[in-house]
Amino acid sequence: MESFDQSLVPSSAHQDEAEPAYRASEPARPASGTETEAFQQAILAKLTYDVGTDPAHATDHDWFTATALAVRDRAMDRWMVSKGRNQAGDKQVCYFSLEFLIGRLLSDTLNNLRLTDCARDALAGLGVDLDRIRAIEPDAALGNGGLGRLAACFMESMASLEVPAYGYGIRYEHGLFRQELRDGWQQELPEDWLIRENPWEFERSDLVYRVTFGGFVEEFPASGRPTRFAWKPAETVQAVAFDTPVVGWRGRHVNTLRLWSARAAEPLRLDAFNSGDHVGALADRARAEAISRVLYPGDETEAGRELRLRQEFFFTSASLQDLLARHTRLHGDLHTLPDHAAIQLNDTHPALAVAELMRLLVDERHLAWDDAWAIATRTLNYTNHTLMPEALERWPVSLMEQLLPRHLQIIYHINWLHLEPLIRRSADIELIKAVSVIDESQGRYVRMGHLAFIGAHKVNGVSALHTDLMRQTVFRDLNALYPGRIVNKTNGITFRRWLHQANPQLTQLLTQELGEAVLDDPGALIKLERLADDSAFQDRFRSQRSASKISLAKLVADRTGVQIDPSALFDIHIKRIHEYKRQLLNILEVVALYDAIRSEPGRHWVPRVKIFAGKAAASYHRAKLIIKLANDVAKIVNSDPVVAGRLKVVFLPNYNVSLAETIIPAADLSEQISTAGMEASGTGNMKLALNGALTIGTLDGANIEIRECVGEENIFIFGMTAEEVETYRKAGLHRDRAGWSARFENAISLISAGAFSPDDPHRFDSLIHALSSDDTFMVAGDFDSYWATQRRVDELWQEPSAWSRASVLNTARVGWFSADRTIREYADDIWKVPV
Ligand SMILES: *Cc1c(COP(=O)(O)O)cnc(C)c1O
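Quick caveat, the model's predicted, so the values are computed rather than measured.

*Asks:* Describe the site of the ligand, naming the residues involved and giving the relevant values.
*Replies:* Around the ligand, the structure places 15 residues, and the nearest of them are Lys-575, Lys-581, Thr-683, Gly-684 and Lys-687. Lys-581 has a polar side-chain atom sitting 2.7 Å from an oxygen atom of the ligand. In the environment of the ligand, an oxygen atom lies 3.0 Å from a nitrogen or oxygen atom belonging to the backbone of Gly-684. The protein chains hide 96% of the 390 Å² of surface that the ligand would expose on its own. If you list the elements that add at least two residues to the shell around the ligand, you get helix H8 (146-160) and helix H28 (684-690).

*Asks:* Just give me the short version of the UniProt feature "modified residue: N6-(pyridoxal phosphate)lysine" (unreviewed entry) in the protein, but keep the residues and values in it.
*Replies:* In this structure's numbering, the residues bearing the UniProt feature "modified residue: N6-(pyridoxal phosphate)lysine" (unreviewed entry) are Lys-687. Summarising the element assignment, Lys-687 is placed in helix H28. In this structure, Lys-687 is in contact with Arg-149, Ile-493, Trp-498 and Ile-664, ignoring residues within four places of it in sequence.

*Asks:* A description of the pairing of strand S2 (residues 100-103) should follow, citing residues and the corresponding values.
*Replies:* Side-chain alternation along S2 places Phe-100 and Ile-102 on one buried face and Leu-101 and Gly-103 on a second face that is also buried. When S2 meets strand S3 (residues 140-142), the two strands line up antiparallel, connected through 3 bridges. When the bridges of S3 are listed, Gly-103 appears paired with Ala-140.

*Asks:* So what's going on with the pattern of salt bridges? Residues and values would help.
*Replies:* This structure, assessed with the given rule, holds 69 salt bridges. Among the ionic pairs, Glu-235 bridges to Arg-310, the shortest N-O distance being 2.8 Å. Placement of Glu-235 in strand S10 (residues 235-247) and of Arg-310 in helix H11 (residues 305-331) is noted, with a sequence separation of 75 residues between them. Like Glu-235, the residue Arg-310 is buried in the burial classification. The partner of Asp-363 in a salt bridge is Arg-406, with the nearest N and O atoms 2.6 Å apart. Of the two residues, Asp-363 is situated in helix H13 (residues 353-364) and Arg-406 in helix H16 (residues 405-424); the sequence distance between them amounts to 43 residues. The pair formed by Asp-363 and Arg-406 is uniform in burial state, with each residue classed as buried. Within this structure, Asp-571, Glu-589, Arg-608, Lys-610, Glu-671, Arg-791 and Asp-794 form a network of salt bridges that share partners.

*Asks:* Go over the nonpolar core, please, and point to the residues and values.
*Replies:* With 203 residues, the main nonpolar core has Met-158, Phe-314, Leu-652 and Trp-831 as its most contacted residues. Examining the composition of this core, we find that 9 residues originate from one element, helix H4 (residues 60-87), more than from any other. Dropping the residues within four chain positions of it, Leu-652 is found in contact with Gln-179, Leu-552, Leu-555, Val-556, Arg-559, Thr-560, Ile-611, Phe-612, Ala-613, Gly-614, Leu-659 and Ile-663. Core analysis: the next-biggest nonpolar cluster, separate from the first, contains 62 residues, Val-643, Ile-673, Ile-696 and Ala-747 among them.

About the criteria used
- Residues numbered from 1 in each chain as written.
- Predicted model: local features only at pLDDT ≥ 70, side-chain atom pairs only at ≥ 80, totals over all residues.
- Heavy atoms only, no water.
- Near = heavy atom within 4 Å.
- Polar contact = N/O pair within 3.5 Å; in protein donor to acceptor, adjacent residues only side chain to side chain.
- Areas by Shrake-Rupley, 256 points an atom, 1.4 Å probe, with all protein chains shown as cover.
- Helix = DSSP H or I, 4+ residues; strand = E, 2+ residues; numbered from the N terminus.
- UniProt positions renumbered as here; feature names shortened; annotations may be inferred.
- Contact = heavy atoms within 4.5 Å.
- Buried < 20%, exposed > 50% of the residue type's maximum accessible area, 1.4 Å probe, protein only.
- Pairing = 2+ DSSP bridges.
- Salt bridge = Lys/Arg side-chain N within 4 Å of Asp/Glu carboxyl O.
- Core = buried A, V, L, I, M, F, W, Y, C linked by side-chain atoms within 4.5 Å.

Structure follows, in structure tokens:
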């Protein structure tokens, strides 16, 4: 075991000598007999001493735990070395995110430690199948969708690039709900990933911070000195740290994901308990612990608003206290904080960091306001993820006053200092209203985006278009006041998970053709271009894809009972269900196609399988009705003998990271059809293109940059541009049915006539009514262009060689969308840390 560890993990002192074992030009190290044996012994030891069972009685879950613990050990030495480096004074990135959509960790860790083959052999020797126990691991679903998944990709990428970093968030006991379909309707069930031991985390019971709420503020005026303020809170909650090691590529560096769990300061009120009130004695505890109980289900709901604000403050405060404690311990003087830490706020959920950092520095550490402000604004940075007005976070002043009275004062003061120069130069009142942190247009609200903007060193958008629109719309006036603060950082994905691990078949083909270097350098994918026209290579490319499609067909049959033909075109629409993502547009095209096939059954039709997956926010009724529509359409289409074999529709339940990993390698066509101007970036689009799917999409988010990379002949672009959407809307055309084409009109009338819901013909009236009266998402406006473009897709599909060429070129040309590139840009332009 000893020799195993050392050969795998180079010690920092001898990094240069140890490095050759991983040189990119060398093939992956085969698992030698002794390595496998050592690993087998390690698994057996874990099974006995940590799980407390023996091979004869071990369940698959026991094997999973023992294997995970054995793998985790392999990362520990490097974790300690990395921590040592972090202590040494290197600048650290602190990534604050209310969501980390991680998925499973076993494959990730095995892959990054290059231990997959070794583990497979070791387990096989024990009569255990690695793939079976991999499937046992629950998904860590501490996020809703793209924003949380981005945080997870960034954590992996920072570890791989050896950027010292902490991820900070909440250890939700229940992550995103599990989705089941009952009669085609979404049902939400609680998710319980922590019901059994989580082998990856370490509870730091002694790493605890107090987070407080409510109460009032005391003032201490002093002559000749600024008034001091002290917050006298009414309620205290403890934040307990749980650390998970994040292992970078080839185990070179290991960072920490630190998630906070809420604990009551007093476990129970003993007096109440002894006097017989057993439930009441635990009430405070239940209230405190509710903070880390569940992931907030989405950004559309009104319910649980206060709990949400408590969650945001809870993790922001604990993380800042942790950061300041570490800084003080290592460096003493807080004035050097910006030299040793860069904080990235993932959206506005942690925007209270601006006020809380000021409170900690001024009230608790007694720094002068101006010094504290200089420190805060050199340390904090903010990533914006949405321009949609309803999704821009704002909190009622009254709630803030009650829960965080001192923070509200600080926010007012920040706002005053920000507005005062404008007032002094008698700026236009409309301008002042527009840039104020307090929105007074209807009631009084704190605008979290404005707060984050004003407190940040850099503010970034997540694709070129999104950043442009940020400058022109929501932050137009702030951008004029603080020119140069807004920068673009187009999102990326980690190729380790979304190519190497999700698609071993394609990865093997790539390493055979391009060498192992392609695993280390996504830029090397470009060398695939020269094989795009090579018919022998195309055959291998296709056969690798067809294996993935066969696996997906099997999964579809297992989970839905629908038989699909692996040689059909797999047309994939997987993402959160949201009106702006326009699953409805896709379903309407299905309806139109179904109708077309039925009216000309003798014609040649390209066999297609439409696959949908995605969750709707529990309170988002219209999105849930769209899920029902997809399922109703599927039921009719799939059982129609006239259509037989030419069109199938599938809705796969419970979309999550693991399901994405199985679907993506099997996708021929990637649906990225949001209303232009509404998808900030998208990352699903990148995952699918990387795995060789051709995109059908609008000029929205990162689709625009994907088109630039893959070339416009290798992507299907349709629909209005963001600018055209604006013009269309200004002209009121989205309220005008007169422009509907016959084909669209016909699809709509089939639905309204109950063709897909004979049991309840009016089921979809509200959807149809919305389209006819105010087509906010331009479903009607883009339909004809979408339909025509789908027919171009059909044409290309009928030329297998041309299709494969385009598919290979997609894989070859999207190396730029590696999260490593994104992280390098953040490191250079925003964080100023070396990479
Ligand atoms: C990548 C990913 C997303 C984001 O998908 P988009 O298509 O960019 O919206 C959401 N959920 C999961 C599970 C993902 O893996």
